[in-house]
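The residues making up each chain are set out below.
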Amino acid sequence: MKAVILAGGEATRLRPLSCNTAKLMVPVLNHPLLENLINYLKRNDITDIIIALGQQVEQIQGYFGDGSKYGVRIVYSVEHFPMGTAGAVKNAERLLGEPFMVFNGDIFTDIDLTAMMDLHCQKKACVSIALTPVEDPTIYGVVETDAGNRVKLFVEKPSRDEVTTNMINAGIYILEPEILNYIPPKVFFTFERNVFPAALERGQAIYGYPSEAYWIDIGTPEKYLRLNHDLLQRYVGNKRVKFEGESAVHPQAQIEGAAIIGDGCFIGKNSIIRGPAVIGSGCQIEEGAIVEGAVLWQNCKVGKGAKLKNCVVASNCYIGEESEVLDGCVLGDNVRIERGNKLSQGIRIWPDKSIEPDAISF
Ligand code: GTP
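Positions within a chain are numbered from 1, following the residues in the order the chain's sequence is written. Only residues with pLDDT of at least 70 are given local features in this predicted model, and only at 80 or more are side-chain atom pairs given and counted; all residues enter the totals for whole chains, interfaces and linings. In computing side-chain properties, one takes all heavy atoms of the structure into account and sets aside hydrogens as well as water.

**Considerations on the sheet that holds strand β23 (residues 295-296)**
We count it as follows: At least two DSSP bridges between two strands are needed for those strands to be called paired. We count a stretch as a helix when DSSP gives it H or I for four or more residues in a row; a strand needs E for two or more, and each element gets its number in order from the N terminus. Only heavy atoms matter for contacts: two residues are in contact if any of them lie within 4.5 Å across the pair. Axis definition: a line fitted to C-alpha atoms, over the contacting stretch in the case of helices. Angles run 0 to 180 degrees between N-to-C directions.
One open sheet accounts for seven strands, arranged β14-β17-β20-β23-β26-β29-β32; its pairing is parallel. Across the chains shown, the open sheet's two edge strands, defined by having one partner strand only, are β14 (241-243) and β32 (348-349). In this structure, strand β29 (residues 330-331) lies alongside β32, joined through two bridges in parallel fashion. Within β32, the residue paired with L331 across the bridge is I349. The strands that helix α6 (residues 221-236) touches are β14, β17 (259-261), β20 (277-279), β23, β26 (312-313), β29 and β32; relative to β17, the one it contacts most, it runs at about 95°.

**Details of the site of the ligand**
Basically, it comes down to this: Proximity criterion: a residue is near a molecule or strand once any of its heavy atoms comes within 4 Å of it. Nitrogen and oxygen atoms within 3.5 Å of one another constitute a polar contact, given that in protein one can donate a hydrogen and the other can accept it, and given that sequence-neighbouring residues count only through two side-chain atoms. The Shrake-Rupley method, run with a 1.4 Å probe, gives the accessible areas here. Residue values count only the displayed protein chains as cover. Throughout, the protein atoms alone are placed on a 1 Å grid, and a set of points is a cavity if a 1.4 Å probe fits but cannot get out or a pocket if it is open with protein on both sides within 12 Å along at least five of seven lines; lining residues have an atom within 4 Å of a point. Placement in a cavity or pocket follows one criterion, namely that more than half of the molecule's atoms lie within 2 Å of its grid points.
In the vicinity of the ligand, 20 residues are found, and the nearest of them are E10, T12, K23, E79 and G84. Backbone polar atom of G9 to an oxygen atom of the ligand: 2.9 Å apart, as the coordinates give it. Contacts to the ligand include E79, whose side-chain N or O atom sits 2.7 Å from a nitrogen atom. In the complex, the protein chains occlude 84% of the 610 Å² of accessible area that the ligand would expose alone. Judged by the fraction of its atoms near the pocket grid, the ligand is located in the largest pocket.

**Quick word on the side chain of S18**
We apply this condition: In this scheme, a residue with accessible area under 20% of its type's maximum is buried, one over 50% is exposed, and one in between is partly exposed, where area comes from a 1.4 Å probe on protein chains only.
By secondary structure assignment, the location of S18 is in the loop between β1 (2-6) and β2 (27-28). In this structure S18 comes out as buried when scored by relative accessible area, which is 8%. Of note is the side chain of S18, whose polar atom sits 2.8 Å from the backbone oxygen of A11. A polar contact is formed between the side chain of S18 and the backbone nitrogen of R15, at a distance of 3.3 Å. Apart from residues no more than four positions distant in its own chain, S18 is found in contact with A11 and Q56.

**Concerning the domain arrangement of the protein**
Threshold: Domain start and end points were adopted from an automatic or database domain assignment. Computed with a 1.4 Å rolling probe, the buried area is the accessible surface lost when two parts are put together, summed over both parts. Any Lys or Arg side-chain nitrogen found within 4 Å of a carboxyl oxygen on Asp or Glu counts as a salt bridge.
Once the domains are mapped, the protein shows domain 1 (2-219) and domain 2 (225-355). The gap between the C-alpha centroids of domain 1 and domain 2 is 32 Å. With 19 residues of domain 1 in contact, the opposing surface of domain 2 contributes 26 residues. Contact between domain 1 and domain 2 buries roughly 1800 Å² in total, counting both sides, with carbon and sulfur atoms accounting for 64%. By the criterion of area lost to domain 2, the three top residues of domain 1 are P16, L29 and N30, representing 36% of everything that side buries. There are one salt bridge connecting domain 1 and domain 2.

**Some words on the packing of aromatic side chains**
The way to describe two aromatic rings as a pair is by their centre distance and the angle between their planes. Definition in use: By convention, a stacked pair of Phe, Tyr or Trp rings (six-membered ring in the case of Trp) has centres within 6.5 Å and planes under 30 degrees apart, an edge-to-face pair has planes over 60 apart, and any other such pair is tilted. Two conditions define a charge sitting above a ring: the NZ of Lys or the CZ of Arg must be within 6 Å of the ring centre, and it must be within 35 degrees of the ring normal.
In the structure shown here, the tally under the stated rule is nine aromatic pairs. Here the aromatic rings of Y173 and F196 are separated by 4.9 Å at their centres, their planes lie at 80°, and the arrangement is edge-to-face. A residue pair is termed long-range when its members are at least 10 positions apart, and Y173 in strand β11 (residues 167-175) and F196 in helix α5 (residues 191-201) qualify at 23 residues. Considered together, Y173 and F196 belong to a single accessibility category, that of buried residues. Among the aromatic residues, ring-to-ring pairing joins F154, Y173, F191 and F196 into one connected group. We note K69 situated over the ring of Y63; from NZ or CZ to the ring centre the distance is 5.2 Å.

**Brief notes about empty space enclosed by the protein**
Heads up, the rule is: Grid points are joined across faces, edges and corners, and a volume is the space filled by probe spheres set on the points. Note on residue classes: Ala, Val, Leu, Ile, Met, Phe, Trp, Tyr, Cys and Pro are nonpolar, Asp, Glu, Lys and Arg are charged, and everything else, Gly too, is polar.
All told, the structure shown has one cavity of 30 Å³ or more when counted by the stated rule. Reported here for the largest cavity is a volume of approximately 40 Å³. Every residue lining the largest cavity is listed: G141, V142, V143, F154, V155, E156, N169 and E192. For the lining of the largest cavity, the elements supplying multiple residues, two or more each, are β9 (141-145) and β10 (151-156). For the lining of the largest cavity, the class distribution of residues is four nonpolar, two polar and two charged.

This is the structure in structure tokens:
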């Protein structure tokens, strides 16, 4: 079965992390998110992949090429304007034929695709949608089903009193080719708001495949940080520290897992790295600095006595001596926080900005 990966969204909510980096190239445990998705498809015997995208084409194509490095075949379908989730698939129609799968590219999941395909065949469905439970369905597309898993209703971002289920559309579909007839060519069109409700109204067999398996999308920096924390626990384990290459670690530095240290890092005297933490390649953590619960991309420098806690710092940033970047703060690429600043409460700093010494205490 072929799979279309949707990779052409604007990723506005993930800014500033997505200002220079395509959403699907954002590193998760130091590897692009899309690499995880491709490996997941491969594990599920899906090796014919179409990546639908519009911007930052070179970043993705340059990294994944024809997919042979991953044991899959990748072709690219490029949009000249944002076409929406369904418009993007229509744009790739010439590459499809048989029943096919569609994936929102910004998800990380273990949902069992074989079981989902079995249900699709057994029910003779026209559309199957993976469903996942969430705590707060009001920010998602909710899908109501009957006892036999047939979809009764779609509600996009329901208000609190409209919520009747916490099962949401997980952004994984199995589609029969006839569903493409519901999508007009060359216009912006989405599955969630346009195609599925229209197909339901016309009585098409639309089924949900409910799954309790791990699922998250990296729509926002908060969820991005949570995914890194979850995976550190899962792959690295509670107190383990994984070095991805050669790094210089001072004997009086203290590193507590779960943590990943990329290649070519310098970890200075009396510095503390406390997991869950991801340090990208080429980072320098200077004397007495503390990094806890944070994700750092490549080539960041954390000055003497600086403190990073539960934050995300993109590539090539500088955190000056005695500065603090705390809970939920997000720094874009090439940001300079000069000495003595204290950033907290989710402040986001856009790429290439410099904060003067002692300018922020919030
Ligand atoms: P926000 O701007 O923050 O809402 O993010 P987004 O643009 O990524 O939108 P959303 O989270 O709804 O997208 C879900 C998935 O569909 C992501 O993997 C997007 O890359 C993808 N996607 C959204 N719109 C398009 C589109 O117009 N074309 C393609 N090819 N993919 C899209």
